[in-house]
Amino acid sequence: MQEAIDFLTNKNAIFREIIEKYGLPPIPKRPQGFETLVLLILEQQVSIDSAKATFLKIKSYTTCNPETMIVLLEEEYRNLGVSRQKTKYIKILAEAILNKELDVESLASKSAKEVREELIKLKGIGNWTIDIYLMFCLQEPDLIPLGDIAVVNTIKELLNIHDKQEMETHAAQWSPYRSYATYLLWHYYLNKRNRKITY
């Protein structure tokens, strides 16, 4: 991590300022597999806290594995606080694993590009979900998830860049440590708003 931090603080003083003000960012880690993908589906377009509450409800109600989640009734999902759309996405994911169309275990041995190509085929799993899975579960060091509202808003605020394409071009100079740049941007975003989250 130190190598990444040194690299980024030399590239842009903004990163040094974030560290001086708020300290080093936590590096998110999550276990690989079906459970984390379900949690990421739940986290789409809602706060991490509310998604986690729903996820914990599921876990206290049943076992979160493909075999169970595919047979759970719509009504049960609804009672657990899962929207109809997300219910569909979770069932599609479970079905892909049970039908051997997706081998989650094998993703760890694939390149980021291959992981993206494999997961993007599933309805309900888009680039944001794939980016976070790659970063949190597979420890991919060089991604900037520009589908993430906190990242986009922080770049707008700190760097005064408002166009997504420009953001991508600007972030290219943070390669090969764009994930660490993302952790710093999140760190700033959360601390400034006095928010504490556990990934």
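Residues numbered from 1 in each chain as written. Predicted model: local features only at pLDDT ≥ 70, side-chain atom pairs only at ≥ 80, totals over all residues. Heavy atoms only, no water.

## Observations regarding the packing of helix α2 (residues 13-22) against helix α12 (residues 178-192)
Moving on, step 1. Interaxial distance between α2 and α12 falls to 10 Å at its minimum, and their mutual angle equals 45 degrees. In terms of orientation, α2 and α12 fall into the oblique class. Remark: the crossing between α2 and α12 carries left-handed chirality. Facing F15, I18, I19 and Y22 of α2, the residues of α12 in contact are A181, L184, L185, H187, Y188, N191 and K192. (Axes fitted to C-alpha atoms, helices over the stretch in contact; angles between N-to-C directions. Helix = DSSP H or I, 4+ residues; strand = E, 2+ residues; numbered from the N terminus. Parallel < 35°, antiparallel > 145°, perpendicular 65-115°, else oblique. Left-handed = near helix turned anticlockwise from the far one by under 90°. Contact = heavy atoms within 4.5 Å.)

## Some words on the environment of Y177
Moving on, step 1. Locating Y177 in the fold gives a position in the loop between α11 (164-171) and α12.
Moving on, step 2. Separated by 35 residues in the primary sequence, Y177 and D142 place their C-alpha atoms 4.7 Å from one another.
Moving on, step 3. If we ignore the near neighbours within four places in the chain, the residues touching Y177 are E3, A4, F7, L8, P141 and D142.
Moving on, step 4. Within polar-contact distance, the side chain of Y177 engages the side chain of E3 at 2.5 Å. (Polar contact = N/O pair within 3.5 Å; in protein donor to acceptor, adjacent residues only side chain to side chain.)

## What to know about the pattern of salt bridges
Moving on, step 1. Applying the stated criterion to the full structure yields eight salt bridges.
Moving on, step 2. Residue E118 is joined to K110 by a salt bridge in which the shortest nitrogen-to-oxygen separation is 2.8 Å.
Moving on, step 3. Residue E118 is classed as buried on the basis of its relative accessible area of 17%.
Moving on, step 4. Put simply, R116 and D131 hold a salt bridge, and the shortest N to O gap is 2.7 Å. Of this pair, R116 sits in helix α8 (residues 112-119) while D131 sits in helix α9 (residues 127-136), placing them 15 residues apart in sequence.
Moving on, step 5. Using a relative accessible area of 22% as the deciding quantity, one classes R116 as partly exposed.
Moving on, step 6. Salt bridges sharing common partners tie together E157, K192 and R193. (Salt bridge = Lys/Arg side-chain N within 4 Å of Asp/Glu carboxyl O. Buried < 20%, exposed > 50% of the residue type's maximum accessible area, 1.4 Å probe, protein only.)

## Thoughts on the layout of surface pockets
Moving on, step 1. In this model, the largest pocket occupies a volume close to 530 Å³.
Moving on, step 2. Surrounding the largest pocket, 24 residues form its lining, E43, V46, W128, D148 and I149 being those nearest its centre.
Moving on, step 3. Secondary structure elements with two or more residues in the lining of the largest pocket: α9, α10 (149-159) and α12.
Moving on, step 4. Broken down by element, the lining of the largest pocket gets its largest block of residues, five residues, from α9.
Moving on, step 5. Considering only residue class, the lining of the largest pocket consists of 13 nonpolar, eight polar and three charged. (1 Å grid on protein atoms, 1.4 Å probe; cavity = no way out; pocket = protein on both sides within 12 Å on 5 of 7 lines; lining within 4 Å. Points joined across faces, edges and corners; volume = space filled by probe spheres on them. Nonpolar A, V, L, I, M, F, W, Y, C, P; charged D, E, K, R; others polar.)

## A short note on the nonpolar core
Moving on, step 1. By size, the foremost hydrophobic cluster in this structure holds 69 residues, and its most contacted members are F34, I90, L93, L102, I155, W174 and W186.
Moving on, step 2. Setting aside anything within four residues of it in sequence, one finds I90 in contact with F34, V38, I41, L42, M69, Y77 and V82. (Core = buried A, V, L, I, M, F, W, Y, C linked by side-chain atoms within 4.5 Å.)

## Here we look at the side chain of N12
Moving on, step 1. Tracing the sequence through the fold places N12 in the loop between α1 (2-11) and α2.
Moving on, step 2. Overall, N12 belongs to the buried group, its relative accessible area being 13%.
Moving on, step 3. A distance of 2.9 Å separates the side chain of N12 from the backbone nitrogen of I14, its partner in a polar contact.
Moving on, step 4. In this view, N12 contacts L159, H170 and W174; residues no more than four positions away in its chain are not counted.

## Notes on α1
Moving on, step 1. For α1, the complete set of buried residues consists of A4, I5, L8 and T9. End-on, the buried residues of α1 take up no more than an arc of 125 degrees, which puts them together on one face. Facing away from the buried side of α1 by over 90 degrees, the exposed positions are E3 and N10.
Moving on, step 2. The inward-facing, buried residues of α1 contact α2 and α12. (Arc of directions from axis to C-beta.)

## Description of the environment of W186
Moving on, step 1. Within the fold, W186 resides in helix α12.
Moving on, step 2. C-alpha separation for the pair W186 and I144, spaced 42 residues apart in sequence, amounts to 11 Å.
Moving on, step 3. Excluding residues within four positions of it along the chain, W186 makes contact with I132, M135, F136, P145, D148, A150, V151 and Y199.

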